[in-house]
Amino acid sequence: MNSNGFEKSKESQCGGTFGRFNERGYDLNRNFPNIFNRNLKRDYQPDTKAIIDWIEQIPFVLSANLH
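Residues numbered from 1 in each chain as written. Predicted model: local features only at pLDDT ≥ 70, side-chain atom pairs only at ≥ 80, totals over all residues. Heavy atoms only, no water.

**Q** Give a detailed account of the pattern of salt bridges, specifying residues and quantitative values.
**A** One pass over the full model with this rule turns up 1 salt bridge. Residue aspartate 53 pairs with lysine 49 through a salt bridge whose shortest N-O separation is 2.8 Å. Here aspartate 53 and its partner lysine 49 are both found in helix α2 (residues 46-57), 4 residues apart, which amounts to about one turn of the helix. Residue lysine 49 is classed as partly exposed on the basis of its relative accessible area, which comes to 41%. (Salt bridge = Lys/Arg side-chain N within 4 Å of Asp/Glu carboxyl O. Helix = DSSP H or I, 4+ residues; strand = E, 2+ residues; numbered from the N terminus. Buried < 20%, exposed > 50% of the residue type's maximum accessible area, 1.4 Å probe, protein only.)

Below, the structure written as structure tokens:
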């Protein structure tokens, strides 16, 4: 879901953090609410906010995340 990181990444170069951050320097994988630390204030990126809004609109019964 990180289009900026996808464009920066190179095939077969999976190590490190190259391509992990968006144009604003945020790691979108770490930009979601933290259920274990609800007091943690985050500056949610537009990409993250769009996914949060989408998840809240659709009553999911089952979901999966492949990383």
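**Q** Please give an account of α2 that cites residues and values.
**A** Taking 1.5 Å as the rise per residue, α2 with 12 residues should run 16 Å; its terminal C-alpha atoms sit 16 Å apart, in good agreement. Within α2 the residues assigned to the buried category are Thr48, Ile51 and Ile52. The buried side chains of α2 occupy one side of the element, clustering within an arc of 100° when seen end-on. (Expected span 1.5 Å × (residues − 1). Arc of directions from axis to C-beta.)

**Q** Give me the environment of asparagine 2: which residues, what numbers.
**A** Structurally, asparagine 2 can be placed in the segment before α1 (3-8). Classification of asparagine 2 by relative accessible area gives buried; the value is 16%. Separated by 19 residues in the primary sequence, asparagine 2 and phenylalanine 21 place their C-alpha atoms 7.8 Å from one another. Once residues within four sequence positions are removed from consideration, asparagine 2 is found in contact with Gly19, Arg20, Phe21, Asn22 and Leu28. (Contact = heavy atoms within 4.5 Å.)

**Q** Explain the side chain of asparagine 31 to me, and be specific about the residues and the numbers.
**A** The residue asparagine 31 is located in the loop between α1 and α2 in this model. Reaching out from asparagine 31, the side chain makes a polar contact with the backbone oxygen of aspartate 43 at a distance of 3.2 Å. In this structure, asparagine 31 is in contact with Tyr26, Arg42, Asp43, Tyr44, Gln45 and Thr48, ignoring residues within four places of it in sequence. (Polar contact = N/O pair within 3.5 Å; in protein donor to acceptor, adjacent residues only side chain to side chain.)

**Q** Please provide a residue-by-residue account of the packing of aromatic side chains, values included.
**A** Enumeration over the complete set of coordinates arrives at 1 aromatic pair. Look at tryptophan 54 and phenylalanine 60: their rings are 5.3 Å apart centre to centre, the planes differ by 80°, and that puts the pair in the edge-to-face class. A residue is classified by how much of its surface remains accessible, and tryptophan 54, at 41% relative accessible area, is partly exposed. (Phe/Tyr/Trp six-rings, centres within 6.5 Å; stacked < 30°, edge-to-face > 60°.)

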